[in-house]
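Okay, here's what each chain looks like letter by letter:
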Amino acid sequence: MEVVEIAQLYREIKKHYPFFDASVEKVKADYKYLKDFPAEAAQENIDRYILTETTEPKIANIRGRLGEQLERERMRQQTAELFAVMDQSRTAAVPPPVGLKERLYARLGIRR
């Protein structure tokens with residue numbers, strides 16, 4: 001995040017938490033902890049935080065759990081890919097040849 005993005009984020013937080021310190025000094029001090037964090041992820045975390053919490057957010061709340069978020073997104077993508085493969089397999093599937101079940105039962109000695 002850039003200093004300007006942090007300032008915009010803090011302005012948004014200040015709208016919902018009037019006692020939140022959104023001063024220029026605070027923005028510059030927190031830049032050290034937020035400079036390597038994506039602004040979009042920070043905004044999403046704050047949006048979620050505002051919906052569920054009554055106390056002012058801290059750096060940890062702004063950062064959220066990026067590792068878990070990235071892993072969740074990776075798993076979502078893998079699941080979508082798996083479902084696509086399963087759908088493709090379902091459309092390409094054909095029933096077994098006629099009499100296969102009976103021949104298999106006969107070979108295994110199963111009487112029906």
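Not measured: the values here are computed from a predicted model. (Residues numbered from 1 in each chain as written. Predicted model: local features only at pLDDT ≥ 70, side-chain atom pairs only at ≥ 80, totals over all residues. Heavy atoms only, no water.)

Tallied over the entire structure, the rule returns two aromatic pairs. Relative to Phe20, the ring of Tyr10 has its centre 5.0 Å away and its plane inclined at 90°; by these criteria the two rings are edge-to-face. On the criterion of sequence distance, the pair formed by Tyr10 in helix H1 (residues 3-16) and Phe20 in the loop between H1 and helix H2 (24-34) is long-range, its members being ten residues apart. Side by side, Tyr10 and Phe20 carry an identical accessibility label, which is buried. (Phe/Tyr/Trp six-rings, centres within 6.5 Å; stacked < 30°, edge-to-face > 60°. Helix = DSSP H or I, 4+ residues; strand = E, 2+ residues; numbered from the N terminus. Buried < 20%, exposed > 50% of the residue type's maximum accessible area, 1.4 Å probe, protein only.)

Okay, the nonpolar core next. For soluble globular proteins, the rule of thumb is that nonpolar side chains tend to be buried together. Formed by 15 residues in total, the largest nonpolar core has its most connected members in Leu9, Tyr10, Ile13 and Ile62. Elements with a minimum of two residues in this core: H1, H2 and helix H3 (39-52). Not counting the four nearest positions on each side in its chain, Leu9 is found in contact with Met1, Ala42, Gln43, Ile46 and Ile62. (Core = buried A, V, L, I, M, F, W, Y, C linked by side-chain atoms within 4.5 Å. Contact = heavy atoms within 4.5 Å.)

Let us look at the side chain of Asp30. If you trace the backbone, Asp30 turns up in helix H2. Among all residues touching Asp30, those that are not within four sequence positions of it are Tyr10 and Ile59.

Negative charge collects at one region of the surface, where Glu2, Glu5, Glu40, Glu44 and Asp47 lie side by side. The dominant element in the negative patch, judged by the number of residues it contributes, is H3, at three residues. You can call Asp47 partly exposed: its relative accessible area is 36%. (Patch = residues over 30% accessible without salt bridge, like charges linked within 9 Å, V, L, I, M, F, W, Y side chains within 5 Å. Areas by Shrake-Rupley, 256 points an atom, 1.4 Å probe, with all protein chains shown as cover. Salt bridge = Lys/Arg side-chain N within 4 Å of Asp/Glu carboxyl O. Lys, Arg positive; Asp, Glu negative; His and termini not counted. Charge placed at Lys NZ, Arg CZ, Asp CG, Glu CD.)

Right, let's get into a nonpolar patch on the surface. Together, Leu82, Phe83 and Met86 line one region of the surface with nonpolar side chains, adding up to about 290 Å² of accessible area. Checked against the element boundaries, Met86 lands in helix H5 (residues 66-92). For Met86, a relative accessible area of 37% corresponds to the partly exposed category.

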